[in-house]
Amino acid sequence: MMRPTLRMAGFVVAALIIFGPLSSLVIWSFAEKWYWPHLFPQQLGFLYWAKVFQGDMLRALQDGLVIAVVVTALTLVITVPLAYVLARMPIPLKPVILMVFLLPQAFPQLPVFVNSMTLLYRVNLGGKLGGVILIHMVGALVFAVWTMTAVFKSVPETLEEAAINLGASRLKTFWSVSLPLATPGIVASTLLVFLYSLDEFTGTLLVGSPFVLTLPVYMYRTSVGYELQVASVSALLLMVPGIVLLVMLERYMKSEYLSMFGRI
Amino acid sequence: MKLSVRLACLIVALPPLAIVLWLFFLPFLSSAHLSLLREGQWSLRNYWLVWRLYRYDILYSLWIALFSLAVVLGIAIFLCGYLRIHANRPVEFLFKIPLFIPFVVVGHAMRVLLAPRGTLNAVLSQIGLVSMSDPPSIAFGWIGIAVSLIWKNLALAVLLVLGAYRSVDETFLEAARNFGASAFRQIKDILLPMSRASLAVASAFMFTSMLASFSVPLMIGSGEPPQMVMIDVFYRINYQQDYGTANALGVVSYLLAMAVAGYYLRTITKRT
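Conventions we followed
- Residues numbered from 1 in each chain as written.
- Chains lettered and ligands numbered in written order.
- Predicted model: local features only at pLDDT ≥ 70, side-chain atom pairs only at ≥ 80, totals over all residues.
- Helix = DSSP H or I, 4+ residues; strand = E, 2+ residues; numbered from the N terminus.
- Buried ≥ 20, exposed ≤ 12 C-beta atoms within 10 Å, placed from the backbone.
- Contact = placed C-beta atoms within 7 Å.
- Bend = angle between axes of the 7 residues up to and from the residue.
- pLDDT = per-residue confidence, 0-100.
- Axes fitted to C-alpha atoms, helices over the stretch in contact; angles between N-to-C directions.
- Parallel < 35°, antiparallel > 145°, perpendicular 65-115°, else oblique.
- Nonpolar A, V, L, I, M, F, W, Y, C, P; charged D, E, K, R; others polar.
- Expected span 1.5 Å × (residues − 1).
- Core = buried A, V, L, I, M, F, W, Y, C linked by C-beta atoms within 7 Å.
- Left-handed = near helix turned anticlockwise from the far one by under 90°.

1. A few points about the overall build of chain B
So, point 1. A tally of regular secondary structure across chain B gives 12 helices and two strands.
So, point 2. When the helices and strands of chain B are listed from N to C terminus, the series reads α-β-β-α-α-α-α-α-α-α-α-α-α-α.
So, point 3. Dimensions along the principal axes, computed over C-alpha positions, put chain B at roughly 75 × 70 × 30 Å.
So, point 4. Looking at chain B residue by residue over its 272 residues, the buried ones come to 45%.
So, point 5. A sequence separation of at least 24 residues applies to 76% of the contacts in chain B between residues at least 6 apart.

2. Topic: helix H1 (residues 3-35) of chain B
So, point 1. Helix geometry: H1(B) is bent most strongly at Leu21(B), by close to 40°.
So, point 2. Cys9(B), Val12(B), Pro16(B), Val20(B), Leu23(B), Phe24(B), Pro27(B), Phe28(B), Ser31(B), Leu34(B) and Ser35(B) are the residues of H1(B) that are buried.

3. Let's talk about the confidence of the model for chain A
So, point 1. Per-residue confidence for chain A gives a mean pLDDT of 85; residues scoring 70 or more make up 93%.
So, point 2. Looking across chain A, the model is least confident in helix H12 (residues 255-259) of chain A, with a mean pLDDT of 53, and most confident in helix H5 (residues 109-122) of chain A, with 94.

4. Examining the packing of H5(A) against helix H11 (residues 229-240) of chain B
So, point 1. Where H5(A) meets H11(B), the closest approach of the two axes is 9 Å, and the angle between their N-to-C directions is 25°. Classified by the angle their axes make, H5(A) and H11(B) are roughly parallel. For the pair H5(A) and H11(B), contact is made by Leu110(A), Pro111(A) and Val114(A) and by Met230(B), Val233(B), Phe234(B) and Ile237(B), respectively.

5. Examining unusual backbone geometry
Residues and elements named next belong to chain A.
So, point 1. The linkage connecting Ser209 with the following residue, Pro210, adopts the cis geometry, with an omega of -5°.
So, point 2. Although it is not a glycine, Leu93 sits at a positive phi angle of roughly 60°.
So, point 3. Checked against the element boundaries, Leu93 lands in the loop between helix H2 (55-88) and helix H3 (94-100).
So, point 4. A positive phi angle, near 65°, is found at Asn124, a position not held by glycine.
So, point 5. In this fold, Asn124 is placed in the loop between H5 and helix H6 (129-153).

6. Quick word on the interface of chain B and chain A
So, point 1. On the chain A side, the residues contacting the 67 residues of chain B number 68 residues.
So, point 2. Its residues assigned to classes, the side of chain B that touches chain A comprises 50 nonpolar, 14 polar and three charged.

7. A few points about helix H4 (residues 103-114) of chain B
Residues and elements named next belong to chain B.
So, point 1. Between its first and last C-alpha atoms H4 spans 16 Å; for 12 residues at 1.5 Å apiece the expected length is 16 Å, and the two agree.
So, point 2. Within H4, 12 of the 12 residues are buried, which leaves it mostly tucked inside the rest of the structure.
So, point 3. Turning to H4, its buried residues are Phe103, Val104, Val105, Val106, Gly107, His108, Ala109, Met110, Arg111, Val112, Leu113 and Leu114.

8. With respect to the environment of Pro217(B)
Residues and elements named next belong to chain B.
So, point 1. Examined against the element boundaries, Pro217 turns out to sit in helix H10 (residues 215-220).
So, point 2. C-beta crowding within 10 Å serves as the criterion here: with 23 such atoms nearby, Pro217 is assigned to the buried category.
So, point 3. For the pair Pro217 and Asp232, spaced 15 residues apart in sequence, the C-alpha separation works out to 11 Å.
So, point 4. Those residues in contact with Pro217 that lie beyond four places of it in its chain are Ile145, Gln227, Met228, Met230 and Ile231.

9. With respect to the confidence of the model for chain B
Predicted coordinates in areas of low pLDDT are best not read in detail.
Residues and elements named next belong to chain B.
So, point 1. Within chain B, residue pLDDT values average 86, and 97% of them lie at 70 or more.
So, point 2. Looking across chain B, the model is least confident in helix H5 (residues 119-126), with a mean pLDDT of 75, and most confident in helix H2 (residues 45-85), with 92.
So, point 3. The complex model carries a pTM of 0.88, and its ipTM stands at 0.87.

10. Quick look at the nonpolar core
A general feature of soluble globular proteins is that nonpolar side chains tend to end up buried together.
So, point 1. Residues Ala157(B), Val158(B) and Val161(B) are the most contacted members of the largest nonpolar core, which totals 155 residues.
So, point 2. Leaving out residues up to four positions away in the same chain, Val158(B) has contacts with Ala76(B), Leu79(B), Cys80(B) and Phe95(B).

11. Observations concerning the packing of helix H10 (residues 215-224) of chain A against H4(B)
So, point 1. The geometry of H10(A) relative to H4(B) is characterised by a closest axis approach of 10 Å and an angle of 20° between their N-to-C directions. As far as their axial angle goes, H4(B) and H10(A) are roughly parallel. In the crossing of H10(A) with H4(B), the sense of the turn from one axis to the other is left-handed. Mapping the contact onto sequence places Pro216(A), Met219(A), Tyr220(A) and Ser223(A) in H10(A) and Val104(B), His108(B) and Arg111(B) in H4(B).
So, point 2. In terms of residue class, the contact of H10(A) with H4(B) is built from four nonpolar, two polar and one charged.

Here you go:
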């Protein structure tokens with residue numbers, strides 16, 4: 001028997017905890033003049049938002065999107081078949097393969113990526129879009145392999161057996177039974193990969209700098225350089241895809257896809 | 001399996017495996033190798049430098065990770081218990097939001113909020129809680145880093161712990177309620193013990209990710225010692241091009257992560 005006022009109070013506290021830190025970003029992004037210690041800026045305006053459409057920020061936005069689209073497409077193409085195999089086929093060394101795809105989450109990435117950077121420079125991919133795409137795929141594959149394997153496991157095996165009993169080949173069964181049934185889960189997993197790539201920071205900073213600039217790296221540079229308005233605009237832009245995705249995932253994402261994570 | 005099927009499985013598995021092995025496993029091994037080399041010779045000098053220069057930074061990172069983990073778990077265990085017993089969709093949705101906000105954005109937001117001349121101090125000075133001439137600095141220290149990590153990881157903790165609590169059968173809770181158990185007792189004596197394994201796995205993941213956090217301390221760190229280990233690695237490479245010491249520090253961080261991973265593996269194998 002929760003009293004409505006208590007529920008309301010709980011909601012307000014939760015909203016303060018979550019939106020409090022984010023709200024100052026919104027104010028800063030519109031602040032053209034803001035002198036300490038005034039509570040609100042002296043002059044508000046769209047001056048810094050206009051910068052989105054010019055110069056470095058536009059370039060960072062475009063490059064980041066191109067990288068994310070390519071990473072997502074490549075990851076999807078190579079992961080869907082592997083995930084099906086991992087979910088259905090009695091292949092040898094399955095736990096070992098799954099563990100390999102857990103490594104980039106289980107160990108600190110930065111010290112490893114320092115050496116990946118050396119390897120990529122050796123094959124002339126350092127500081128280039130190709131190198132950044134590859135380093136993003138390392139992390140993206142972790143999410144893709146684990147969630148998509150869970151997705152294919154959640155497709156009822158009896159339906160596939162029925163198709164095979166009726167004379168369909170494995171490949172035909174995959175195309176016309178398993179894949180369509182797995183599509184919502186694959187969509188969810190694809191969105192996670194896209195978001196991961198858009199937000200990736202460590203690998204991009206190491207492998208891409210100083211030639212490839214994505215929005216997170218651009219935001220880091222402006223924030224540390226005390227261009228607080230520009231950084232706040234970038235930060236808000238960076239939050240948009242995540243929030244959109246959260247709303248979409250509420251519909252697609254089943255909790256069992258995530259609860260599978262890390263279990264062999 | 002027919003040979004052709006086997007071959008198909010192999011071909012399908014090869015490209016993703018190749019990427020992770022080439023750009024994660026190989027560099028992982030080479031960092032152990034490079035950490036033992038100094039000017040082309042086998043040497044333990046890198047580790048000696050780590051001990052001399054960075055032992056307090058290692059303790060500092062461990063402290064931040066442990067403190068943040070303790071706070072996150074403390075909040076999540078009771079918050080999720082409340083959400084499990086009295087469903088509250090709006091609050092649950094709110095706590096999912098940080099999950100989808102990038103670490104760099106969290107770092108920047110906390111920097112703007114908690115800096116000496118940040119928004120929090122501006123608000124507090126209006127009601128006279130802090131002095132304007134000498135505003136306290138919460139960012140640029142360990143509390144700033146911890147607050148950011150807690151804020152971000154709380155979302156993951158709520159997702160995982162609530163998932164575990166939801167898989168506890170309602171009849172157990174009903175039985176407890178029939179005997180007059182309060183919400184606190186239901187959490188302490190039923191929900192918590194029955195989801196210990198999931199909680200252990202979640203803690204292991206969060207601990208490693210906090211220990212290895214890079215963008216948050218980079219955004220709100222002070223630039224002066226003590227620093228978190230990942231910042232030391234980055235500075236060692238960026239400003240001194242000293243790959244030997246950087247990799248030795250890296251290996252130390254792998255060992256810490258491995259200790260946690262060992263605990264994690266023991267927990268999941270015990271369950272199955």
